[in-house]
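Examination of the molecular architecture
Next come the chains, spelled out residue by residue.
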2 protein chains.
Amino acid sequence: MSGPTPAQRARASIRSGAHTGHTSGLADEHVQGNVVILPASWANDFLRFCQRNPKPCPVLAVSEPGDPMLPALGHDIDIRTDVPRYRVWQHGELVDEPTDIGALWQADWVTFVLGCSFSFEQALLQAGVPLRHVAQQRNVAMYRTSVPTNAAGPFAGPLVVSMRPMRAEHAIRAVQITSRFPQVHGAPVHLGNPSLIGIGDLQQPDYGDPVDVLDDELPVFWACGVTPQAALAQAKPPICITHAPGAMLIADPLNSHIAAL
Amino acid sequence: MSGPTPAQRARASIRSGAHTGHTSGLADEHVQGNVVILPASWANDFLRFCQRNPKPCPVLAVSEPGDPMLPALGHDIDIRTDVPRYRVWQHGELVDEPTDIGALWQADWVTFVLGCSFSFEQALLQAGVPLRHVAQQRNVAMYRTSVPTNAAGPFAGPLVVSMRPMRAEHAIRAVQITSRFPQVHGAPVHLGNPSLIGIGDLQQPDYGDPVDVLDDELPVFWACGVTPQAALAQAKPPICITHAPGAMLIADPLNSHIAAL
């Protein structure tokens, strides 16, 4: 008999209400996911939006309508209790940040879990590629770009990217490493001159914290899981639940198991 | 009975003296190689130099001492006749450019064949990555850098790189594609700011032809097969034979067969 995995232990702590904050560094060999919950009448358009924008919206799992369980990511996962903190959106407005959504749950809700860059960041660090925002314990810097997503029904909006400054040799290594992880945003979408994707000032991110880019470094940009949140803000469904920023779902699969190569 | 391959037909034309020029575009699905021929007393140091600098000096084959045949690359290859044009170097000075070295051949000579970027350029073009120097029918631009090679015996000198200007999306794709070809220089060694590797002016290459870098492009740098020629110029062996620039040995293996993935 083996004991619970780090993912199971972390979820138990979250489910009990003991852990209500960020999940960065928690059970860090396990896949973490962005969470989006929508009524079934909105879910099909959202799934098509994800299919058409796989780099920002890589779908790890979709629940059965009304079923709060996600057996593909862990037999015991109950999405009503297993995220540390949720955000409740009504018509695109943030209305609450509860730690449990059991009282809100509706019989037609569908849960989407999308891949997250935490998985490839662990692989980068293990390969000796330094990540300044991790070393400085900040959130990664994120930017709305001039690159449009491919629309589906009411879902549209700009591609949002995360940026990590790197020396060229590490940028090249990072392309190699993140190409192995198509389920968690995959290879970068851009590197070098930020104005080519409509970013005016790297020191003014739209989300997260600014981070220095040194003279011998390039900014390297990856498609970001905030992209679907920007599309949700534009589509304004009557109700939508997401995770709170940084407070992800911790799933059973290991990061090392989702590598393509 | 199948007829001769494009590589065999090209070598027959070269052997007969009918083709004495560049091999770019000739039998272009087949691997082409840089050629270095040295007396056995110099060959061991040169092989160690290649082993210590695998990105600029990827060894495809080494002959038996005194044997002009290279069965690993084609059962009929005779290195005395099968390169379109040779360069003969004495004590580091270029003394002749014959099309046949049968009269010069010595019983202790060892042939090295090193991978060449023609193989990965074909893969890049097939993947839709444009190459300006190919479109403009120029030689690729090459530069001596401030990056030292790892010395072995008398062999030392700067890393020489080739440069191809690309938009960021193509630079990212090119890292993915050339990573598959470790035997022909592999992934880039640098991208972006050329001064970080000691290149002052991209418009003044040390070898080959200059090529424009547009405002929305990055220069992308690969380790180059001219690196061993720079090391030979520094080591000044009493006698050394190389191929003339662009006039490579055409081997039997297919580019697609040397991909690592």
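Residues numbered from 1 in each chain as written. Chains lettered and ligands numbered in written order. Predicted model: local features only at pLDDT ≥ 70, side-chain atom pairs only at ≥ 80, totals over all residues. Heavy atoms only, no water.

Mapped onto the secondary structure, His 190 of chain A falls in strand E8 (residues 190-191). Of the polar contacts made by the side chain of His 190 of chain A, one reaches the backbone oxygen of Asn 193 of chain A; its length is 2.8 Å. Among all residues touching His 190 of chain A, those that are not within four sequence positions of it are Leu 196, Ile 197, Val 220 and Phe 221 of chain A together with Ala 168 and Ile 172 of chain B. (Helix = DSSP H or I, 4+ residues; strand = E, 2+ residues; numbered from the N terminus. Polar contact = N/O pair within 3.5 Å; in protein donor to acceptor, adjacent residues only side chain to side chain. Contact = heavy atoms within 4.5 Å.)

Residue and element names in this part refer to chain B. Strand E1 (residues 30-39) sits mainly inside the fold: 10 of its 10 residues count as buried. Bridge count between E1 and strand E11 (residues 249-254): 3 bridges; the pairing is antiparallel. Each bridged residue has a counterpart across the sheet, and for Gly 33 the counterpart in E11 is Leu 249. Where E1 lies against strand E10 (residues 240-243), 2 bridges are found, and the strand directions are antiparallel. Bridge pairing in E10 places Ile 37 opposite Ile 241. (Buried < 20%, exposed > 50% of the residue type's maximum accessible area, 1.4 Å probe, protein only. Pairing = 2+ DSSP bridges.)

It is worth spelling out helix H6 (residues 227-235) of chain B at this point. Residue and element names in this part refer to chain B. Burial analysis of H6 places 7 of its 9 residues in the buried class, the great majority of the element. Turning to H6, its buried residues are Thr 227, Pro 228, Gln 229, Ala 230, Ala 231, Leu 232 and Ala 235. Lys 236 occupies a position one or two residues after H6 and carries a positive phi of about 55°.

The relative placement of two aromatic rings is captured by the distance of their centres and the angle of their planes. Inspection of the entire model under this criterion finds 16 aromatic pairs over all chains. With 6.2 Å between their ring centres and 75° between their planes, Trp 42 of chain B and Phe 155 of chain B make a pair best called edge-to-face. Placement of Trp 42 of chain B in helix H2 (residues 40-52) and of Phe 155 of chain B in the loop between strand E6 (141-148) and strand E7 (158-166) is noted, with a sequence separation of 113 residues between them. Taken individually, Trp 42 of chain B and Phe 155 of chain B each receive the classification buried, so the pair is uniform in this respect. The rings of Trp 42, Phe 46, Phe 49, Phe 112 and Phe 155 of chain A are connected pair by pair, giving a single aromatic cluster. (Phe/Tyr/Trp six-rings, centres within 6.5 Å; stacked < 30°, edge-to-face > 60°.)

Scored by pLDDT, chain A comes out at a mean of 95, with 100% of its residues at no less than 70. We note a pTM of 0.90 for the whole complex and an ipTM of 0.87 for its interfaces. (pLDDT = per-residue confidence, 0-100.)

Turning to the packing of H2 of chain B against H6 of chain B, a few remarks are in order. Residue and element names in this part refer to chain B. As a packed pair, H2 and H6 sit with axes 12 Å apart at the nearest point and diverge in direction by 140°. When the axes of H2 and H6 are compared, the pair comes out oblique. Crossing angle aside, the handedness with which H2 passes H6 is right-handed. Across the interface between the two elements, Trp 42, Phe 46 and Phe 49 from H2 touch Pro 228, Ala 231, Leu 232 and Ala 235 from H6. (Axes fitted to C-alpha atoms, helices over the stretch in contact; angles between N-to-C directions. Parallel < 35°, antiparallel > 145°, perpendicular 65-115°, else oblique. Left-handed = near helix turned anticlockwise from the far one by under 90°.)

Turning to helix H5 (residues 168-179) of chain B, a few remarks are in order. End to end, H5 of chain B covers 16 Å across 12 residues, agreeing with the expected 16 Å (1.5 Å per residue, within 8%). Here H5 of chain B has its buried residues at Ala 168, His 170, Ala 171, Ile 172, Ala 174, Val 175, Ile 177 and Thr 178 of chain B. Buried residues belonging to H5 of chain B abut helix H5 (168-179) and E8 of chain A together with helix H3 (118-126), E7 and strand E9 (218-223) of chain B. (Expected span 1.5 Å × (residues − 1).)

Least-squares fitting of chain B to chain A yields an RMSD of 0.0 Å, with the transformation described by 0.0 Å of translation along the axis and a rotation of 180°. The transformation relating the two chain copies, once decomposed into turn and shift, fits a two-fold axis. A share of 100% of interface residues in chain B that are also interface residues in chain A marks the association as one of identical surfaces. (Least-squares fit on C-alpha atoms with pLDDT ≥ 70 in both.)

Right, let's get into the state of the cysteines. Residue and element names in this part refer to chain B. Summed over all chains, the structure comprises 0 disulfides over all chains. Unpaired in this structure, Cys 57 has its nearest cysteine sulfur neighbour in Cys 50, at a distance of 4.5 Å. Here Cys 116 stays free of any disulfide, with the sulfur of Cys 224 as its closest cysteine sulfur at 8.8 Å. Note on Cys 116: relative accessible area 4%, which makes it buried. (Disulfide = S-S within 2.5 Å.)

Residues and elements named next belong to chain B. Their axes nearest at 10 Å, the elements H3 and H5 cross at an angle of 130°. Comparing their axes, H5 and H3 come out oblique. Handedness of the crossing formed by H3 with H5: right-handed. For the pair formed by H3 and H5, the contact residues are Phe 120, Ala 123 and Leu 124 on the first element and Ala 174, Ile 177 and Thr 178 on the second. Considering only residue class, the contact of H3 with H5 consists of 5 nonpolar, 1 polar and no charged. (Nonpolar A, V, L, I, M, F, W, Y, C, P; charged D, E, K, R; others polar.)

Moving on, we come to the sheet that holds E7 of chain B. All names here are of chain B. Strand order in the open sheet made by the 4 strands is E6-E7-E9-E8, with antiparallel pairing throughout. Where the open sheet ends on each side, the last strands, each with one partner, are E6 and strand E8 (190-191). Where E6 lies against E7, 5 bridges are found, and the strand directions are antiparallel. Bridge pairing in E7 places Pro 148 opposite Pro 158.

Quick look at the interface of chain B and chain A now. Across the boundary between the two partners, chain B contributes 15 residues, which contact 15 residues of chain A. When chain B packs against chain A, close to 1,200 Å² is buried across both sides, 78% of that on carbon and sulfur atoms. The largest share of the area that chain B buries against chain A comes from Ile 172, Val 175 and Leu 191 of chain B, three residues that together contribute 38% of it. Linking chain B to chain A there are 0 salt bridges. At the junction of chain B with chain A, the criterion picks out 2 residue pairs in polar contact (both at pLDDT 80 or more). The element contributing the most residues to the side of chain B that touches chain A is H5 of chain B, with 5 residues. Here the side of chain B that touches chain A is built from residues that sort into 10 nonpolar, 4 polar and 1 charged. (Buried area = accessible area lost by both parts, 1.4 Å probe. Salt bridge = Lys/Arg side-chain N within 4 Å of Asp/Glu carboxyl O.)

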